[in-house]
Amino acid sequence: MQCRENCGACCIAPSINSPIPGMPNGKPAGVRCVQLDNQNRCMIFGQPERPAFCASLQSSLEMCGDDQLESPNEHAMVWLGQLEILTKPS
C-alpha cells in the first residue's frame, strides 16, 4: 500500500526513543518530527540516519484506512495513538 499523500501521521503520532537528526533524544508521542517537511514527507527517508523504528513502519490498510473522505492522516493518527497507549511501558 502506498502512503496517503500529505499524511505524516507516522512522523507525528508515535514516540521515537532513538536519536533523530535534530532531535538527539528522540521525540515524544504527538510531537511533529523535525525531519517532516511541509508536504508531510520524511526528509531522511532511505538515509542511514533514519531511525530503525521509522523504517519498520509500513503503510497498511489497518493503519492508514481507506476512506478518502477523511483528512489524509485522521485514521492513522487515531490508530497510531491507540497503539502508542497499548504499547507504553508501565
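Residues numbered from 1 in each chain as written. Predicted model: local features only at pLDDT ≥ 70, side-chain atom pairs only at ≥ 80, totals over all residues. Heavy atoms only, no water.

Draft legend 1. View of the overall build of the chain. Looking only at helices and strands, one finds 3 helices and 0 strands in the chain. The N-to-C order of helical and strand elements in the chain reads α-α-α. For 90 residues, the compact-globule formula gives about 12 Å, and the C-alpha radius of gyration of the chain, at 13 Å, lands near that figure. Principal-axis analysis of the C-alpha atoms places the extent of the chain at approximately 35 × 35 × 20 Å. Burial statistics for the chain: of 90 residues in total, 31% are counted as buried. Within the chain, counting contacts between residues at least 6 apart in sequence, those at least 24 apart form 46% of the total. Of the side-chain charges in the chain, 6 are positive and 9 negative, and the distance between the mean point of each set is 8 Å. (Helix = DSSP H or I, 4+ residues; strand = E, 2+ residues; numbered from the N terminus. Rg over C-alpha atoms; globule rule 2.2 N^0.38 Å. Buried < 20%, exposed > 50% of the residue type's maximum accessible area, 1.4 Å probe, protein only. Contact = heavy atoms within 4.5 Å. Lys, Arg positive; Asp, Glu negative; His and termini not counted. Charge placed at Lys NZ, Arg CZ, Asp CG, Glu CD.)

Draft legend 2. Molecular detail of the side chain of Gln-35. With respect to the element layout, Gln-35 can be found in the segment before α1 (52–56). The exposure class of Gln-35 is buried, given its relative accessible area of 14%. A polar atom in the side chain of Gln-35 sits 2.8 Å from the backbone oxygen of Pro-21. Once you skip the residues sitting within four places of it in the chain, Gln-35 turns out to touch Ile-20, Pro-21, Arg-41, Cys-42, Met-43 and Ile-44. (Polar contact = N/O pair within 3.5 Å; in protein donor to acceptor, adjacent residues only side chain to side chain.)

Draft legend 3. Structural view of the pattern of salt bridges. In the structure shown here, the tally under the stated rule is 1 salt bridge. The salt bridge involving Asp-37 is made with Arg-41; its shortest N-O contact spans 3.5 Å. Overall, the relative accessible area of 45% leaves Arg-41 in the partly exposed class. (Salt bridge = Lys/Arg side-chain N within 4 Å of Asp/Glu carboxyl O.)

Draft legend 4. Focus on unusual backbone geometry. Positive phi, close to 60 degrees, is recorded for Asn-6, a residue that is not glycine. One non-glycine residue, Asn-40, lies in the positive phi region at around 60 degrees. For Asn-40, the position within the fold is in the segment before α1.

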